[in-house]
Amino acid sequence: MVCSIIIRTYNEERHIGKLLDGIEKQILEPGINVEVIVVDSGSTDSTVYIAMRMGAKVIKIEKNNFSFGKALNIGCKNSNGEVLIFASAHVYPVYNNWVSILLNQFKNKDVAIAYGRQIGNEKTHFSEHQIFSKWFPSISDFDQNHPFCNNANCAIRKSVWENQPYDELITGLEDLDWANKIKAKGYKIVYLSDAMIVHIHEESYFKIKNRYEREAIAFKKIYPTAKFNKWNFINLFLSNVVFDLYYAVKKRVIFQQAINITLFRFMQFYGTYIGYNKNGIIDTNLKNKFYYPNSINNKVNSEINNLKSNKIDYV
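Residues numbered from 1 in each chain as written. Predicted model: local features only at pLDDT ≥ 70, side-chain atom pairs only at ≥ 80, totals over all residues. Heavy atoms only, no water.

Peer 1: Can you tell me about the overall build of the protein, naming the residues and giving the values?
Peer 2: Scanning the protein from N- to C-terminus turns up 12 helices and 9 strands. Looking at the protein as a whole, 51% of its 315 residues are labelled buried. The contacts in the protein between residues at least 6 apart in sequence include a share of 82% that link residues at least 24 apart. Surface exposure of the protein reaches about 15,400 Å², of which carbon and sulfur atoms provide 52%. (Helix = DSSP H or I, 4+ residues; strand = E, 2+ residues; numbered from the N terminus. Buried < 20%, exposed > 50% of the residue type's maximum accessible area, 1.4 Å probe, protein only. Contact = heavy atoms within 4.5 Å. Areas by Shrake-Rupley, 256 points an atom, 1.4 Å probe, with all protein chains shown as cover.)

Written out as structure tokens, the structure reads:
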């Protein structure tokens, strides 16, 4: 059996090596072969070089053609696996049986999605830790009754994807959108607390606002009747700040985290409010803001420019 691990990248040289090293150290059942596919959307650092040096197949896409769904579809199309595992470039597995735990669920033909637990590290915002704890609990669920999943740490059945590709126009939450459609077709979604990864979010407050804005735009497309008004913004901002401050007191970090908590939650729900209430077409400038908020125009290192390999495909 072949399993394909698909990783979307853009300037991930600080993190991708640790993920690929974690994949290399996975203990697999006999007969399981893993291929690693990196879909890169115009990195200007050493990401592509690192990925190739560590044995990944690299597929390059034009920066202006990027969306989360499109990058996934390209990776899926170019894969050989019966099961496709998605991992963010800035995650790494905690255990060396991460892949096996995900794959084991697909022995049940009714399972189309299996996704794993996410935790933060010492650089993760306090409120992000709270979000991880809420959405990725310590107890598994082998027949989840709602369509949530997350493609930072997720596996899907390729045959299901072939009949239902990812939405390439949506600005985020392509995983939720896909899971919603798949669950409506009668497939099962499994959550696995033991398939754990560390998710490194090193976002500025602007990036936090940006992330929740584009996800709110996507959520409104998935659920057209959803609303988020000023009262929702104020209520959720205040209640979540109070909740986080309470736990910061319990963990004796209130003085270190009070400002961070307030700013994180403000940007989270302000971005959500802006996204829900944004109208019109998502043009190229707005897409670049969403996907490449800190884009730079540095030239690619000459070592990478001159690197030629039959492992690189251009699409």
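Peer 1: Describe helix 7 (residues 174-184), listing the residues and the values that go with them.
Peer 2: Turning to helix 7, its buried residues number three or more, namely Glu 174, Asp 175, Leu 176, Asp 177, Trp 178, Ala 179 and Ile 182. Following helix 7 by one or two positions, Gly 186 has its phi on the positive side, about 100°.

Peer 1: Outline a nonpolar patch on the surface, supporting the account with residue identities and numerical values.
Peer 2: On the surface, Trp 231, Ile 234 and Leu 238 cluster together into a nonpolar patch covering about 340 Å² of accessible area. By secondary structure assignment, the location of Ile 234 is in helix 9 (residues 230-250). Judged by its relative accessible area of 41%, Ile 234 falls in the partly exposed class. (Patch = residues over 30% accessible without salt bridge, like charges linked within 9 Å, V, L, I, M, F, W, Y side chains within 5 Å. Salt bridge = Lys/Arg side-chain N within 4 Å of Asp/Glu carboxyl O.)

Peer 1: So what's going on with unusual backbone geometry? Which residues, and what values?
Peer 2: The backbone phi angle of Asn 11 is positive, close to 55°, even though this residue is not glycine. Turning to its location among the elements, Asn 11 is positioned in the loop between strand 1 (2-9) and helix 1 (16-24). Residue Arg 252 is not a glycine yet carries a positive backbone phi of 60°. Within the fold, Arg 252 resides in the loop between helix 9 and helix 10 (254-276). Under the relative-accessibility criterion, Arg 252 is labelled exposed at 75%.

Peer 1: I'd like to hear about the environment of Thr 47, residue by residue, with values.
Peer 2: Take Thr 47: it is sitting in helix 2 (residues 47-53). Residue class for Thr 47 comes out buried when judged on its relative accessible area of 0%. On a C-alpha basis, the gap between Thr 47 and Ile 16 in space is 7.1 Å, while along the polypeptide they are 31 residues apart.

Peer 1: Describe in detail the pairing of strand 8 (residues 188-199), supporting the description with residues and values.
Peer 2: Counting buried positions over the 12 residues of strand 8 gives 10, a clear majority of the element. With 3 bridges joining them, strand 5 (residues 91-93) and strand 8 adopt antiparallel strand pairing. Residue pairing in the sheet places Val 91 in a bridge with His 199 of strand 8. Where strand 6 (residues 111-119) lies against strand 8, 7 bridges are found, and the strand directions are parallel. Paired with Ile 113 across the bridge in strand 8 is Ile 189. (Pairing = 2+ DSSP bridges.)

Peer 1: Give me the lowdown on the side chain of His 90, citing residues and values where you can.
Peer 2: The residue His 90 is located in the loop between strand 4 (83-87) and strand 5 in this model. Among the polar contacts made by the side chain of His 90, one reaches the side chain of His 199 at a distance of 3.3 Å. The contact partners of His 90, leaving out residues within four places of it in the chain, are Glu 12, His 15, Val 198, His 199, Ile 200 and His 201. (Polar contact = N/O pair within 3.5 Å; in protein donor to acceptor, adjacent residues only side chain to side chain.)

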